[in-house]
Every structure is written in structure tokens, then in C-alpha cells.
Amino acid sequence: MTDATEKTKPIALSNVTLNALPESILRPTYDRSALTPGIVHIGLGNFHRAHQAWYLHRLMQNGLAQDWAIIGAGVRPYDEAQREKLAAQDYMTTLIELSPTGSGAEVTGAMIDYIPIVAGHAPLIARMAQPNIRIVSLTVTEGGYYIDPVTKAFDAAHPDIVHDAANPQKPITAFGAIVAALRIRRDDGTGPFTGMCCDNLQGNGAILRQTVVSLARLSDPELADWINTSCSFPNSMVDCIVPATGPNEHALVRELGIQDAVPVTHESFRQWVIEDDFCAGRPDWDKIGATFTSDVHDYEAMKIRILNGGHQVICGAGEMLSLDTIAGCMANPKVAALFSKIARDDIAPHVKPVPGMTPQDYIPLISRRFSNPRIVDTTRRVAFDGSSRHPGFIIPSVRDGLANGTSVTGLALVSAIWARMCAGTREDGTEIEPNDPNWGDLTRTAQEARTRPLAWLEQSQYYGDLASQPTFADPFTTWLELIWTAGTEAAIDAYLKA
């Protein structure tokens, strides 16, 4: 092997190779061996590592929060593969920031361990029971909290919950493990910790509280009462567009001269708004840009309704029109116009301004972020689990529109496009691979709705009573019939011209 080849060989990421990385790569300047844990985070996906872990890493770069290091955790068997990849590189991650005008890279080191995934989750329970763990945070997707998508009530009948209620010492869910750890902490006098949800749910802290307390109540009502009164569950709003990692991301990190099995790309925008309610202390995330406030709701509503809702507006159209990425969707003038008009007419009227930002200003900001061609965020990823995302991100705006007498026509079109998408084929005849936990049921209902559109809205687990609301059901029916006869683009054209 020649010297030139040696020089271009990527450097395997590890503690011992940090100083050998290319000079352009930012890296930890703190002593990682001196860090002590304070947080267990369940769900070590890309978003957590590009967002919450980055905020903590930046605090550590400033000489702060050295006793708040993250211990990673998972509860599904496939999480073990992620643990092994991260362990091989001392739990560090290369973050690659991609903006339309440039890029930068940084190795982050706030995570120092990852708990092995075993049946019954004894290691996870034991670690969360340790006194130095003061926050347990989660990113387990919007659909992972065992709630009814319409009523938001706790789903006590779910098989996972039934199991954990009957086997509290050997749970299969993250929430069962949390309850088991809190039982130990109560009994030995260690005291409570803060449960912090970082998923895109309105009132996410309240939802986490509901899930944990309700599960505990099924097996130990006194423990449930203790958790409810002693633990805190702050609401928060998290925001950063973080694509899944694929061949493109692996190529980017190799081009930087780093061998990293789990690199993460992300946009240059980050936001974190948190209710300041931590029963056992917290890092000073506000010193690195997070916002602590007693009123998270308006920030949540703006982001969830316009950004997350906006993703659902465009991803269905993107799938039907064979547009592979979100940036590709926004490069299509009709899809971009669809987003802007629906956001302006059907969503923004129900969104309050927040300090420094109005809904009218937020819409073009999101449009620019969606349009970043360097963020290879796939349409398929954004369309995943529509059966959780439509009830969470779209239907609340529909209900507000019906209550306030404002437009719901565009949102009816969004639901019609989703119904057509779930039939399983694009308009060019290619197959849409299963992309929802309920894909089989959705596909069967979508095929029935081809001749009887209301069959789609009669899925009350997603739409509640909207099938009986003509102001929404009538335009939905019109749009779905038009889509099946003339195509998605024709329906978008008709909407934009109306």
C-alpha cells in the first residue's frame, strides 16, 4: 500500500484517535474519562444524537455539566446492533451539518455507555435505579406511548401493557422498565427522577406522565400515586431535521477522513424549548441555546402543526408523484405551493405567535428548511407511520377549523392523498412498500375507499367522528374521487386554482 493511500484511509473513530482526526473536524476538548453519568436516554436514534446529545456536548465543551453524561439504552432486540456499533467507537458520533451554502463536522462525546439489551431489561432497570441518574429521557417515536390516537387516552388493553402489568419485574416496554426502576428508588429512599419526553407530541411530558403513571397503577396503585406526586415530566418542543443514515451519509463521513459506523447528518437549524420542571436537577441547557419557559404549548403547536403537519402535507403527494426526497418535493412547484397554501389557509389560523416568530413568518422559514437540497431526507421516512402522524399532526388542525369555521378543504385533500397512497401503488405503477405498523388494514380500507370514500374516514381510531362531519367529509370525498379518476396532480391543480 502506498503512502498516499495510507494518508487517505479513514481514521476509525475512538478515544485514542481523536487527536489524529483531520484538523477541520471539531472534537471533544473535555476529558471524557472524567465524565460521570446523569441521564439515561432510551431510543438512541439519529435525532437524539443530533439534538439533545449535541446540546449536552456543547455544555461540556464549555467546562460545564461534566456530571450529566448520557447512558444510552434501548428496549427492542434490534437496538443491540446499534449498541455494538457505538461501543466500538467509544459511543461517539460524527455530526455533519449540511446547509445550502456549506457544511461542517463535529465529533460529539456526551454519551459514555450503552446498556446491553436483554430480556426483562434488568440492566436497564438497575442503571435507572442508581442515585446518579436524575433524568430519564426518551425518543421512541410518536406512536410509541400506548395512547389512543383520537382520544389520547392510555391504551391499557395493548398486549405489551397487559404483559407489563402482569410481570412488573420483567417488563418488555421502556415504560415498564421505568416503573420498575422507580419502585426500587422509592423503596430504597433514592427518590424520584425526571422523565423527559423528546418526541413530537403535543403535551409530550403530560403524555409520558400518563403512560408511566397509568401503567404503574395497573400493578401498584400506591407506587403510581408516588410517581405522580414525586416525579416531574416537563413538556418540551424539539426541532431539527435529521435524515436517516444511508449510503450517502456513510460516503460523506468517509470523505471527511473518518470511519464512523453511525454518522448523522442534520440541518443547521436547532431549537429546544423546555418546561423548567425537573425534580432532581438538570443541566444548564439554556447556556447553549435552549429556552426554558413555563409555557411550551404555543411553541409546540407552531412546530407540530406547521413543520410536522407540513411534512405530512407534502410526503403523500411526494410518494404518489415518485419524488424521493423532501427537498425534491419542494423543488416541484405544485407540491411547494400545496404546502404554502394549506399552511397559510388551514393551519396557521389556529397557531399563536411565540416570542420573535409569527405563524406567517414561520411558514416561509419551514419552506426554506424543507427545500435544503443537501439534506437527503427521504419522502418514505417522513411518510412512515401515518396512522400515528396524521392523528397527531393533521387532525387537530381539522378539528380547530371545523370549530372555528375556517377552511379545512386543503387538509381534506391531504387525507385523500394519504388514502390513495395507502392503496399501495404510485401513479407511475410502482409499488409502495409497507410503511406503517397498520399497513395491511390501511391498504384494505384504501381499496374499499376507491369506490366508497367514506370507508376511509370511518376508521374512527384515526378520524373519530369526522366521517359524519360534512364540512370535512364532503371535500374529502370529492378529492379522493378526483385523485382516482384524474390523478394526484390534477387534484392539486384544482385545489391551487380554487
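This structure is a prediction, so every number in the text was calculated from the model and none was measured.

Engineer: Requested: an account of the overall build of the chain, with residues and values cited.
Structural biologist: For the chain, the count of helices and strands is 22 helices and 13 strands. For a compact globule of 498 residues, the expected C-alpha radius of gyration is about 23 Å, and the chain comes in at 23 Å, within 12% of that figure. If you line up the chain on its principal axes, its C-alpha atoms span 65 × 65 × 40 Å. By the burial criterion, 56% of the 498 residues in the chain qualify as buried. Once local pairs closer than 6 in sequence are excluded, the contacts in the chain between residues at least 24 apart make up 76%. Entry remark: accessible area of the chain is about 19300 Å², with carbon and sulfur atoms responsible for 52%. Within the chain, one finds 41 positive and 57 negative side-chain charges whose respective centroids are separated by 2 Å.

Engineer: How would you explain helix 13 (residues 333–347) if you had to name every residue and give the values?
Structural biologist: Between its first and last C-alpha atoms helix 13 spans 20 Å; for 15 residues at 1.5 Å apiece the expected length is 21 Å, and the two agree. For helix 13, the full list of buried residues reads Val335, Ala336, Leu338, Phe339, Lys341, Ile342, Ala343, Asp346 and Ile347. Summarising the contacts, the buried residues of helix 13 are in contact with helix 11 (297–320), helix 12 (326–331), helix 14 (359–370), helix 16 (386–404), helix 17 (409–421) and helix 22 (488–497). The backbone nitrogen of lysine 334 lies 3.0 Å from a side-chain oxygen of the residue at the head of helix 13, namely asparagine 332.

Engineer: Requested: an account of the layout of surface pockets, with residues and values cited.
Structural biologist: Each pocket or cavity is described by its volume, and for the second largest pocket that value is around 370 Å³. Among the secondary structure elements, those contributing two or more residues to the lining of the second largest pocket are helix 11 and helix 16. The leading source of residues in the lining of the second largest pocket is helix 16, at seven residues. Of the residues in the lining of the second largest pocket, the class split is 12 nonpolar, five polar and six charged.

Engineer: Please give an account of the pairing of strand 5 (residues 102–108) that cites residues and values.
Structural biologist: Relative to strand 5, strand 4 (residues 93–99) runs antiparallel, the two sharing seven bridges. Paired with serine 99 across the bridge in strand 5 is glycine 102. Taking the residues that link successive antiparallel strands as the turn, the strand 4-strand 5 hairpin has two residues.

Engineer: Describe the pairing of strand 8 (residues 194–197), with residues and values.
Structural biologist: Side chains on a regular strand alternate between the two faces of the sheet. Of the two faces of strand 8, the one lined by Thr194 and Met196 and the one lined by Gly195 and Cys197 are each fully buried. Bridge count for strand 7 (residues 135–138) against strand 8 is four bridges, and the pairing is parallel. Bridge pairing in strand 8 places isoleucine 135 opposite threonine 194.

Engineer: Tell me what's going on with the sheet that holds strand 6 (residues 111–114), and back it up with residues and numbers.
Structural biologist: With parallel pairing, five strands are arranged side by side in an open sheet as 6-3-2-7-8. In this open sheet, the two strands that pair with only one neighbour each are strand 6 and strand 8. Each neighbouring strand pair of the sheet contributes to a mean axis angle of 25 degrees, computed without reference to strand direction. Packing of helix 5 (residues 122–129) onto the sheet brings it into contact with strand 2 (37–42), strand 3 (69–73), strand 6 and strand 7, and relative to strand 2 it is tilted by some 145 degrees.

Parameters and conventions
- What you see as residue numbers is a count from 1 along each chain, following the sequence as written.
- In view of the model being predicted, local features appear only for residues whose pLDDT reaches at least 70, and side-chain atom pairs are presented and counted only at 80 or more, with totals across whole chains, interfaces and linings using the full set of residues.
- The side-chain quantities take in all heavy atoms of the structure and omit both hydrogens and water.
- Each helix corresponds to a stretch of at least 4 residues labelled H or I by DSSP, and each strand to a stretch of at least 2 residues labelled E; elements are numbered beginning at the N terminus.
- Here the globule rule reads 2.2 Å times residues to the power 0.38, and the radius of gyration is calculated from C-alpha atoms.
- Only protein chains enter the accessibility calculation, which uses a 1.4 Å probe; a residue is then buried when its area is under 20% of its type maximum, exposed when over 50%, and partly exposed in between.
- Residues are treated as being in contact if the distance between any of their heavy atoms lies within 4.5 Å.
- The accessible surface values rely on the Shrake-Rupley method and a 1.4 Å probe; as for residues, cover is taken only from the protein chains in view.
- Charged-residue counts in this description rest on Lys and Arg as positive and Asp and Glu as negative, His and the chain ends being excluded.
- In this description, the location of a charge corresponds to atom NZ of lysine, CZ of arginine, CG of aspartate or CD of glutamate.
- Expected span, for any helix, means 1.5 Å times one less than how many residues it has.
- Any pair of nitrogen or oxygen atoms within 3.5 Å is treated as a polar contact; in protein, a donor-acceptor pairing is required on top of that, and neighbouring residues in sequence qualify only through side-chain atoms on both sides.
- With a 1 Å grid laid over protein atoms only, a set of points is called a cavity when a 1.4 Å probe fits there but cannot get out and a pocket when it is open yet has protein on both sides within 12 Å along at least five of seven lines; lining residues have an atom within 4 Å of a point.
- Grid points are joined across faces, edges and corners, and a volume is the space filled by probe spheres set on the points.
- The residue classification treats Ala, Val, Leu, Ile, Met, Phe, Trp, Tyr, Cys and Pro as nonpolar and Asp, Glu, Lys and Arg as charged. All others, Gly included, are polar.
- Two strands are said to pair when DSSP picks up at least two bridges between them.
- The axes are straight lines fitted to the C-alpha atoms, using for helices just the contacting stretch, and the angles between their N-to-C directions are given from 0 to 180°.

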